[in-house]
Amino acid sequence: MMNFLFAAMFFASFASAAALGRMRELSAAILEGGRNAVELLLTIAGSMAFFSGLMRICEKSGVARGLSRLLYPVLRWIFPQIDRKSEAFGAISMNIAANLLGIGNAATPFGLRAMQALDRGGTQASEEQIALVVLNTASMQILPATLLTIRAQSGSKAPDEILGAVLCASGLTLLFAILITKLFARLWRGR
Amino acid sequence: MGAEWIVPGFGALIVFWGMLRGVPVFEEFCLGAKEGLRAAVRLMPALCALVIGVRMLSASGAIDLLSGLLAPLCALLGFPSEAVPLFLLRPFSGSGSLALVQELFRRFSPDSQVGRLASILMGSSETTFYATTVYFGAVGKHKTRYALPAAILSDLAAAGFSLLALRIFFG
């Protein structure tokens, strides 16, 4: 997938620069793009270090665990068939809590553990597994730190003014994702 | 009280709570920061490649060509066509869409309507195909049934809700 995407970038750029007579601009972009990339990297690296540091304190002081307990009623609704005491339920709770806090490198291991705990063999995904994956393809992060950092670096006068709108859009999307998954589960069950 | 209170308040709250719970906040912070830096280093090669790729697409006029092509459809839906490339790239590549968001900020300013919509879209969606590949791949599931249709419909919904949120919060 990425190989195709990367090759397409080169091909589309070259073709359209040739067609539009913008080869000089394209050449300049390649030669200057590297500096741009390193600048972006340095900015992101600093903010990733800072927020990962804060999130580590969150983890160690039990915030993630507390949050995962708070999620119980919502998870009960999304995964009605899973026993609350099971390993799968615990792993799902921690996966969602880590996602909400934006700890990506903690969310994935919990998510994979949940996938394994939910597994009943075979090559067909179960309803619970699908629900978990669809949740993980939606954005749950409460504080989109990298986005805020890039906004600030790009000279925004109010980098955080979009927070309310982001929360609103991602909340609605998450609700949509849960409902559509429940609906599809019902439709596919009939087959 | 404005949104500028959120990040500092969040930081202060976490550190204060950590202290209360007897966590050695500085040491743990540094351990976390180390992990964050390591993640950033892992991200570097791909981000480097994709930032240059996105700059190429932008400078060559390919992005404008694509936006222009989709402009009539976008006008019909009321969606700014400048943000369409981001919507298309977002499910495939996290680093690529990050690079594209930065490029949109460079061209339109983060405080323009296009910049805001790009921000909201970026903040309310995820790298759909990456997540599905990793999660199903880890347990060897080929028959993913309705997972992809549901995830793709949710991405479409994210675009719609982002536009809605833009209208509600910024007119």
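For the structure itself, consult the block above.
Residues numbered from 1 in each chain as written. Chains lettered and ligands numbered in written order. Predicted model: local features only at pLDDT ≥ 70, side-chain atom pairs only at ≥ 80, totals over all residues.

### As for the overall build of chain B
In terms of helices and strands, chain B carries eight helices and zero strands. Starting at the N terminus, the α and β elements of chain B follow one another as α-α-α-α-α-α-α-α. Overall size of chain B, expressed as C-alpha extent along the three principal axes, is 60 × 50 × 30 Å. A total of 171 residues make up chain B; the buried ones form 46% of that total. Here the analysis covers contacts within chain B between residues at least 6 apart in sequence; of these, 59% occur between residues at least 24 apart. (Helix = DSSP H or I, 4+ residues; strand = E, 2+ residues; numbered from the N terminus. Buried ≥ 20, exposed ≤ 12 C-beta atoms within 10 Å, placed from the backbone. Contact = placed C-beta atoms within 7 Å.)

### Here's the deal with helix H1 (residues 6-20) of chain B
Taking 1.5 Å of rise per residue, the 15 residues of H1(B) would be expected to cover 21 Å, and the 21 Å separating its terminal C-alpha atoms lies within 8% of that figure. Phi for Gly22(B), located one or two positions after H1(B), is positive at around 75 degrees. (Expected span 1.5 Å × (residues − 1).)

### Some thoughts on the packing of helix H9 (residues 163-189) of chain A against helix H8 (residues 147-170) of chain B
Two elements in contact, H9(A) and H8(B), have axes separated by 8 Å at closest approach and are oriented at 150 degrees. The angle between H9(A) and H8(B) falls in the class roughly antiparallel. For the element pair H9(A) and H8(B), the recorded crossing hand is right-handed. Of H8(B), the residues touching H9(A) (which contributes Gly164(A), Ala165(A), Cys168(A), Ala169(A), Leu172(A), Thr173(A), Phe176(A), Ala177(A), Ile180(A), Thr181(A) and Phe184(A)) are Pro149(B), Ala150(B), Leu153(B), Ser154(B), Ala157(B), Ala158(B), Phe161(B), Ser162(B), Ala165(B), Leu166(B), Ile168(B) and Phe169(B). Class assignment for the residues of the contact of H9(A) with H8(B) results in 18 nonpolar, five polar and no charged. (Axes fitted to C-alpha atoms, helices over the stretch in contact; angles between N-to-C directions. Parallel < 35°, antiparallel > 145°, perpendicular 65-115°, else oblique. Left-handed = near helix turned anticlockwise from the far one by under 90°. Nonpolar A, V, L, I, M, F, W, Y, C, P; charged D, E, K, R; others polar.)

### Focus on the interface of chain A and chain B
In this assembly, 84 residues from chain A lie in contact with 85 residues from chain B. Breaking the side of chain A that touches chain B down by element, the ones donating at least two residues are helix H1 (2-20), helix H2 (23-60), helix H6 (104-117), helix H7 (127-136), helix H8 (145-153) and H9 of chain A. Tallying contributions element by element places H2(A) first for the side of chain A that touches chain B, with 25 residues.

### Thoughts on the nonpolar core
Grouped together as the largest cluster of nonpolar side chains are 97 residues, with contacts concentrated most on Ala98(A), Val134(A), Leu86(B), Val101(B), Ile120(B) and Leu121(B). For this core, the leading source of residues is H2(A), giving twelve residues. Contacts of Ala98(A), omitting those with residues within four sequence positions, involve Ala64(A), Ile103(A), Ala106(A), Ala107(A) and Phe110(A). (Core = buried A, V, L, I, M, F, W, Y, C linked by C-beta atoms within 7 Å.)

### Considerations on the environment of Ile152(B)
Positionally, Ile152(B) belongs in helix H8. Sequence separation of Ile152(B) and Pro91(B) is 61 residues, and the distance between their C-alpha atoms is 8.5 Å.

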